[in-house]
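Tertiary structure, described
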Amino acid sequence: MNTFKWLLQREYWEHKGAFFWAPLVVGALMTAFITISMVIALSGAGDGLRINGVNIAKLAAAMTPEQASAFAEKFIFSYAGITMPIFIVLGICIFFFCLGALFDERRDRSVLFWKSLPISDNATVLSKVVFAIGIAPVMAFVIATVTSLIIVLVVCVAAAAAGVNIFGSVMTNPATYVAPLQIAAILPIYAMWALPTIGWLLMVSAWARTKPLLWAVAVPVMAGIMMSWAERLLSLGVDVAWFWKNIIGRLLGSVFPGAWLSVDKRMPESDSGSGALTAFSEVLQQSWQLLAGANLWLGAAAGAAMIYVAIRLRGWRDEG
Amino acid sequence: MSAVISARGLTKRYGKVVAVDHIDLDIPSGRIVGLIGPNGSGKTTALKTILGLAPFEGELSVLGMDPRLHRDALMEQVCFIADVAILPRWLRVQDAIDFVAGVHPKFNRVKAEQNLASTKLKPTMRVKEMSKGMIVQLHLALVMAIDAKLLVLDEPTLGLDILYRKQFYQHLLEDYFDQNKTIIVTTHQVEEIEHILTDLIFIRDGKLALTATMDEIGRRFCEVMVPAANTDVARQLNPIDERQVFGKAVMLFDGVPRPVLEALGEVRTPGIADLFVATMKGTYV
């Protein structure tokens, strides 16, 4: 187990840029962007400070405490989604991490160094899987949570400067504190959902002699195009759309957090009026409902099988 | 003494090319073996099969294990440096030490730090900031701090200056080597390792051209400076090689009794380099 810890540490050393600095920079840019917008708005340029399309300055004078609270509620709902850019960057970074995980070491021949140490192919490949679906998302989550809290503070301060005090409502609304926990509760589902893409990319990474990106993307996409073409020509009655969505989409797109929501086509209505807490709960509930369906489990099983192939490939590959 | 490496009919093909061709080999413990061969003779391929880095045909046992199946267990006892600088570019010196210390039960951190103290490497340096020679120094420092039963060095001193090379082989012999260890070295700079070897293996076209201990070599091979008057007589003894030095013929004999040769001229034990050249004649023809 100690070896495994060092293998994870090793991945962190190598990929600190993609999984620590990248989300941190994105978070910092988002904070800076919001802060600057607020400052510009408060300084009187344009038509005043707007949050969620509501002109604060105009409202401020006439706002009742109930209205202020409703406004805060509306703001909190969007705040869980504020950090989406960090998770999109995470998806991209995990995609390329897996694609290079077993390829780069062969290209620069450092695989000969790693293989000169008493570390099994199992442990090596599994450490990369755990890093991709465990460590990396957790790091992104921590940075995202800190970022969203800072942004909430900035907006609250800006609103206060415009004459609306939403501090109280925001700080006493349970959604403020529950939202990060809800995001954290999605991480296990994300880990399982991402497995087919992780497995596919690791397998290509262990197998390809050159250009892993081309192989990883071209093989499924070409298969899809061939199927679409054959279907159009011969009308075989194959459900091509299903193939694109459930095979190609799952192979290439499952590392993007929340990808399952678009697959299920049941995105919550952003103005359901049921309050911030329930709105995000719906996302959480939908995510965990995946456990009851076959899609998540079949994908995870396929991912595990491909990870196994990647392990064997790493063992068999003759290092030129 | 049990064999550290034991091979029967060891063969490795790349498509139609036979890189290692039915090698039978036994290397006992406590030896320093020089594996010498021209480029493309199968040295590195043979070592790769021993290290579990390439699949092969035939039988091969390293420390009693099949390297194809038990590479990770084997690597607790075996260390190797491959023929190219292969440390990952992002690795820092201190991280490299931490990592190897973390995963290798036989790694001695103090030794590694001592090895590094004699170089210009700093703990925070990354591999990508190092010169070729410095990367090799780091790799050697790590490997030499591991108490392995079998050490495989494939061109270990490539890119190092002569000072460091001398120092390295000295260190290898005096501080690292003992009766429980076996070392296999390949290098093109044969003269530099000549004095530390106990055994010699010449490999050519994937086959063993010569396997002998250094003592046997001393007994079997003689080099004679033959004056012009004796050359015809000497040639009748079938020298395996003949070259001209300052107008005198220098002939190399295999298995001719020393007293016979002493009658012909000045006799001495040949250097490995000369023996190698004689054995490998015609390689590039």
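Residues numbered from 1 in each chain as written. Chains lettered and ligands numbered in written order. Predicted model: local features only at pLDDT ≥ 70, side-chain atom pairs only at ≥ 80, totals over all residues.

1. A look at the overall build of chain A
Put simply, the rule is: Only DSSP runs of H or I reaching four residues or more are called helices, and only runs of E reaching two or more are called strands; each is numbered from the N terminus. Any residue surrounded by 20 or more other C-beta atoms within 10 Å of its C-beta is treated as buried, while 12 or fewer makes it exposed and the intermediate range makes it partly exposed; C-beta atoms here are placed from the backbone. Contact criterion: two residues are in contact if their C-beta atoms, reconstructed from the backbone, are within 7 Å.
Along its length, chain A carries 14 helices and two strands. In chain A, buried positions account for 38% of the 320 residues. Across chain A, every contact between residues at least 6 apart in sequence was considered, and the portion connecting residues at least 24 apart equals 82%.

2. Points about the confidence of the model for chain A
All names here are of chain A. We apply this condition: How sure the predictor is of each residue is captured by pLDDT, a score from 0 to 100.
On average, residues of chain A score 84 in pLDDT, and 84% of them reach the 70 mark or higher. When mean pLDDT is compared element by element in chain A, helix 4 (residues 84-101) scores highest at 94, while helix 2 (residues 56-62) scores lowest at 59. Every residue in residues 264-274 scores below 50 in pLDDT, and together they form eight contacts with partners more than four places removed in sequence or on other chains.

3. Some details on the nonpolar core
Cut-off, in case you're wondering: Under the definition applied here, buried Ala, Val, Leu, Ile, Met, Phe, Trp, Tyr and Cys residues are grouped into a nonpolar core through C-beta atoms within 7 Å.
Core analysis: the largest hydrophobic core is formed by 95 residues, its most contacted members being V78 and V152 of chain B. The leading source of residues in this core is helix 5 (residues 132-143) of chain B, at seven residues. Leave out the neighbours within four places in its chain, and V152 of chain B touches L47, I50, L51, V78, F80 and I184 of chain B. The next biggest cluster of nonpolar side chains, apart from the first, holds 68 residues, and it includes A72, F87, A162 and W260 of chain A.

4. Section: the interface of chain B and chain A
Contacts between the two partners involve 23 residues from chain B, matched on the other side by 20 residues from chain A. Looking at the side of chain B that touches chain A, the elements with two or more residues in it are helix 2 (71-74), strand 5 (78-81) and helix 3 (93-103) of chain B. Counting residues per element, the side of chain B that touches chain A draws most heavily on helix 3 of chain B, which supplies five residues.

5. With respect to the confidence of the model for chain B
All names here are of chain B. Per-residue confidence for chain B averages 89 on the pLDDT scale, and 98% of its residues sit at or above 70. Per-element confidence in chain B ranges from a low mean pLDDT of 86 for strand 11 (residues 241-245) to a high of 95 for helix 3. For this predicted complex, the interface confidence score (ipTM) comes to 0.87, while the overall pTM stands at 0.87.

6. Observations regarding the sheet that holds strand 1 (residues 3-14) of chain B
Residues and elements named next belong to chain B. Test applied: Pairs of strands are assigned from DSSP output, requiring at least two bridges between the strands. Think of each axis as a best-fit line through the C-alpha atoms, taken over the contacting stretch in the case of a helix, with angles from 0 to 180 degrees between the N-to-C directions.
As summarised here, the arrangement of the three strands in space is 2-1-4, forming an open sheet in which the pairing is antiparallel. Edge positions in the open sheet fall to strand 2 (17-28) and strand 4 (57-62), since each of these has one partner strand only. Strand after strand, the sheet turns through a mean of 15° between neighbouring axes, direction not considered. Pairing analysis gives eight bridges linking strand 1 to strand 2, with the strands arranged antiparallel. Bridge pairing links A3 to P28 in strand 2. Contacts from helix 1 (residues 43-50) reach strand 1, strand 2 and strand 4 within the one sheet, and its direction differs from that of strand 2 by about 60°.

7. Digging into unusual backbone geometry
At R109 of chain A, a position not held by glycine, the phi torsion is positive, near 65°. With respect to the helices and strands, R109 of chain A occurs in the loop between helix 5 (104-107) and helix 6 (111-114). Of the residues examined, R109 of chain A has 17 C-beta atoms within 10 Å and is grouped as partly exposed. Located in the positive-phi region is H22 of chain B, a residue other than glycine, with phi close to 45°. Note on placement: H22 of chain B falls in strand 2. By the C-beta count within 10 Å, which is 15 here, H22 of chain B ends up partly exposed.

8. Some points on the environment of W200 of chain A
By secondary structure assignment, the location of W200 of chain A is in helix 9 (residues 174-207). The exposure class of W200 of chain A is buried, given the 26 C-beta atoms found within 10 Å.

9. A short note on helix 1 of chain B
Residues and elements named next belong to chain B. Of all eight residues in helix 1, eight are buried; the element is thus mostly enclosed. Taken residue by residue, helix 1 has K43, T44, T45, A46, L47, K48, T49 and I50 as its buried positions. G52 sits one or two residues past helix 1 and shows a positive phi near 75°.

10. Notes on the packing of helix 9 of chain A against helix 14 (residues 294-316) of chain A
Residues and elements named next belong to chain A. For clarity, the cut-off: By the definition adopted for this analysis, an angle is roughly parallel if under 35 degrees, roughly antiparallel if over 145, roughly perpendicular if from 65 to 115, and oblique otherwise. Left-handed is the label given to a crossing in which the near helix is rotated counterclockwise from the far helix by less than a right angle, and right-handed is the label when the rotation is clockwise.
It is the contact of helix 9 with helix 14, at a shortest axis distance of 7 Å, that shows an interaxial angle of 25°. As the angle between them shows, helix 9 and helix 14 are arranged roughly parallel. As helix 9 packs across helix 14, the resulting crossing turns out to be left-handed.

11. Section: the pairing of strand 3 (residues 32-36) of chain B
Residues and elements named next belong to chain B. Within strand 3, five of the five residues are buried, which leaves it mostly tucked inside the rest of the structure. Of the two faces of strand 3, the one holding I32, G34 and I36 and the one holding V33 and L35 are both buried throughout. Where strand 3 meets strand 7 (residues 182-186), three bridges bridge the pair, whose relative direction is parallel. Paired with V33 across the two strands is I184, which belongs to strand 7. Bridge count for strand 3 against strand 8 (residues 199-204) is four bridges, and the pairing is parallel. The residue bridging V33 from the neighbouring strand is D199, located in strand 8.

12. Comments concerning the sheet that holds strand 13 (residues 266-268) of chain B
Residue and element names in this part refer to chain B. The strand order across the open sheet formed by four strands is 11-12-10-13, and the pairing between neighbours is antiparallel. Only two strands of the sheet have a single neighbouring strand rather than two, namely strand 11 and strand 13. In this sheet, adjacent strand axes meet at a mean angle of 25° when their direction is disregarded. Judged from the six bridges that link them, strand 10 (residues 221-226) and strand 12 (residues 248-254) form a sheet pairing that is antiparallel. Along strand 12, the bridge assignment pairs F221 with D254.

13. Remarks on the packing of helix 4 of chain A against helix 7 (residues 121-161) of chain A
Residues and elements named next belong to chain A. The line we're drawing: When residue character is reported, Ala, Val, Leu, Ile, Met, Phe, Trp, Tyr, Cys and Pro are called nonpolar, Asp, Glu, Lys and Arg charged, and the others, Gly included, polar.
Interaxial distance between helix 4 and helix 7 falls to 10 Å at its minimum, and their mutual angle equals 160°. In terms of axis orientation, helix 4 runs roughly antiparallel to helix 7. Crossing of helix 4 over helix 7 shows right-handed handedness. The segment helix 4 lies against helix 7, with I86, F87, L90, I94, F97, C98 and A101 engaging K128, A132, A136, P137, A140, I143, A144 and T147. Residue classes in the contact of helix 4 with helix 7 are distributed as 13 nonpolar, one polar and one charged.

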